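Fold and contact review
Listed here are the chains, written in short residue letters.
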Amino acid sequence: MADIQWDKIGFDAYRTKTLVLARWKDGKWSEIKEDDSFSFTLDPFTCVFHYAMSCFEGLKAFTQKDGRVVIFRPLENAHRMQRTARFLGLPAPDDDMFVEMCERCVRANREFLPPYGHDASLYIRPLLLGAQPKMQLTPPDEVIFAVMCAPAGSYYGAFLKSFAAVIPLNYDRAAPKGSGSYKVGANYASTFRPYQIAHNQGYMELLYLNSKTHGFIDEFGSSNFFGIKGNSYVTPLSDSVLPSITNKSLQELAADLGMKVEKRPVPVEELAEFEEVGACGTAVVITPISHIDVKEELEEDSVSRTYRYFPDGQVGPVCTRLYKALTAIQKGEAEDIHNWCHGIEL
Ligand SMILES: Cc1ncc(COP(=O)(O)O)c(C=O)c1O
C-alpha cells in the first residue's frame, strides 16, 4: 500500500505506477499492454497536439465496506466514449475492451486504491487520442487508447461544503450543435482562462448558459447543474451539456426518494425559485452552490444579479440526502438496488 494520507489527498494528476495502453493501427487494436514507464512518445506533428484530436472519460473505483473493490458504472463511460469517438471520427474501444483496461489499471495500481473508511477513491482516466502525425484535416489512422488512474479526494478541497459560482456572460462553453455534449478535450481548453479569473475572485465554479440565447442554463465547467424546488429535482435538457452519469444516477435516486424529476429547459430566471442548487459529476460528486453571481464581464467587479441559496460553506437538506444516498451505494454501505457497482478481482 502506498504511503498516502488518504484524508488529505485532493484531486490531481498524482502519478501512480502503471499505464494500460493499446494502439489502433492498420484498422485494428494491438494487444493491451501494461507500461510501468508511465509514458509514451509522440511525433511533434501528431494531430492530437495541433488539432485537439482527443477525448477522455472519468470514473471511480472504490473499496467497499466488506472489502470488495468496485468500479462505478463503467459501461456508461464506455458508451459515452464510443459516442464521443464517433463525433471525432476516431475508432473506440468496445465495451469489453474499455472495461477490461479499466480493471487492469486498478489491479496494476492497487497500492494506490484508498481503503474503505476515507472519503477517497481511485479516479480512472481513460484517454483516446489521434496518434498519427498529419497535417490534413481528416481523422487519423493511428490512435492510442490509454487508461491511467490517480487516488482522489475532494475536487474542491472539502466534501459537502457549498461554494460560490459565477455566470460569465462574456464567455460561452460550446456552440449550438457543436461539441458541448461530447467529452472532447477541446471543450475544456476554453474554460481554463475564465476559471483562472473566477478563482481569483473567489468563485469555485463557472455556470454556463446556452450560447444561442443566454436564456437557459446549460452546465458548470466541470459538472452538470441541478436545482431543488419543493419536491422536484430539476436539471437542464440541452443538447450542449455532457450527459453526466452522476446526474443520471441522482435522477434515479431522487425518484427512489419519492421526488419528482424534471429534465427540461431551465430558464435563467428560475434560479430565483430554487431552494438548493448543486453541481454534480464524478469528480465533484455533489457540490452544493452557496450563491450564483451573474456578471456581464467576468473581468469586471460589477455583478448584475445574485441568486442566494445558503451562506458559504453551508449545505441544504436535499443535497445532503442525495450525496449520502449516492456515496453509500459507492462505498457498499447501502444496497446497490440498481446494480451500478461493477465488482473486480484484484
Ligand atoms: C463538463 C462536464 N459536465 C458534466 C460532468 C459530469 O459527468 P459525470 O457525472 O459522468 O462524471 C463532467 C465530468 O465529470 C464534465 O466535465
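Everything numeric in this text was worked out from a predicted model, so none of it was measured. (Residues numbered from 1 in each chain as written. Predicted model: local features only at pLDDT ≥ 70, side-chain atom pairs only at ≥ 80, totals over all residues.)

1. Focus on the overall build of the protein chain
Broken down by element type, the protein chain carries seven helices and 18 strands. Over its C-alpha atoms the protein chain spans a radius of gyration of 20 Å, differing by no more than 12% from the 20 Å that the globule rule assigns to 346 residues. Based on the C-alpha atoms only, the size of the protein chain along its principal axes is roughly 55 × 50 × 35 Å. When the 346 residues of the protein chain are sorted by exposure, 44% land in the buried category. Counting only contacts in the protein chain whose residues sit at least 6 apart along the sequence, the fraction spanning at least 24 positions is 70%. (Helix = DSSP H or I, 4+ residues; strand = E, 2+ residues; numbered from the N terminus. Rg over C-alpha atoms; globule rule 2.2 N^0.38 Å. Buried ≥ 20, exposed ≤ 12 C-beta atoms within 10 Å, placed from the backbone. Contact = placed C-beta atoms within 7 Å.)

2. A look at the nonpolar core
What tends to happen in soluble globular proteins is that the nonpolar side chains get buried as a cluster. Cys105, Val106, Ile124 and Leu207 are the most contacted members of the largest nonpolar core, which totals 89 residues. The element that contributes the greatest number of residues to this core is strand β8 (residues 143–152), accounting for eight residues. Taken domain by domain, this core gets at least three of its residues from each of domain 1 (19–152) and domain 2 (163–330). Setting aside residues up to four positions removed in sequence, Val106 forms contacts with Ala61, Val69, Ile71, Leu113, Leu122, Ile124, Cys149 and Ile344. (Core = buried A, V, L, I, M, F, W, Y, C linked by C-beta atoms within 7 Å. Domains from an automatic or database assignment.)

3. Quick look at the packing of helix α2 (residues 74–88) against helix α3 (residues 95–108)
It is the contact of α2 with α3, at a shortest axis distance of 9 Å, that shows an interaxial angle of 125°. As the angle between them shows, α2 and α3 are arranged oblique. The chirality of how α2 crosses α3 is right-handed. On α3, the residues touching Pro74, Leu75, Ala78 and Met81 of α2 are Asp95, Phe98, Val99 and Cys102. (Axes fitted to C-alpha atoms, helices over the stretch in contact; angles between N-to-C directions. Parallel < 35°, antiparallel > 145°, perpendicular 65-115°, else oblique. Left-handed = near helix turned anticlockwise from the far one by under 90°.)

4. A few points about the site of the ligand
Neighbouring the ligand are 13 residues; Ser244, Ile245, Thr246, Gly281 and Thr282 lie closest to it. Examining the composition of the shell around the ligand, we find that three residues originate from one element, helix α6 (residues 245–256), more than from any other. Of the residues belonging to the shell around the ligand, the class tally is three nonpolar, nine polar and one charged. (Near = placed C-beta within 6 Å. Nonpolar A, V, L, I, M, F, W, Y, C, P; charged D, E, K, R; others polar.)

5. Looking at the domain arrangement of the protein chain
Domain parsing of the protein chain yields domain 1 (19–152) and domain 2 (163–330). Measuring from the centre of the C-alpha atoms in domain 1 to the corresponding centre in domain 2 gives 26 Å. Taken together, the contact between domain 1 and domain 2 spans 18 residues of the former and eleven residues of the latter. The set of elements that each furnish at least two residues to the side of domain 1 that touches domain 2 consists of β4 (54–56), β5 (59–63) and α2. Examining the composition of the side of domain 1 that touches domain 2, we find that seven residues originate from one element, α2, more than from any other. Per-class residue counts for the side of domain 1 that touches domain 2 are eight nonpolar, four polar and six charged.

6. Focus on helix α7 (residues 317–330)
With 14 residues, α7 ought to run about 20 Å at 1.5 Å a step, and its terminal C-alpha atoms sit 20 Å apart, in line with that. Every buried residue of α7 is accounted for by Val318, Cys319, Leu322, Tyr323, Leu326, Ile329 and Gln330. Projection of α7 onto a plane perpendicular to its axis shows the buried side chains occupying an angular sector of 140°, all on one side. Once α7 finishes, Gly332 follows within two positions and takes phi at roughly 75°, a positive value. (Expected span 1.5 Å × (residues − 1). Arc of directions from axis to C-beta.)

7. Digging into the environment of Ala52
Within the element layout of this structure, Ala52 appears in the loop between α1 (47–51) and β4. Ala52 sits 224 residues away from Glu276 along the chain, and the two C-alpha atoms are 36 Å apart. The residues touching Ala52, leaving out its near neighbours within four places in the chain, are Gly185 and Ala186.

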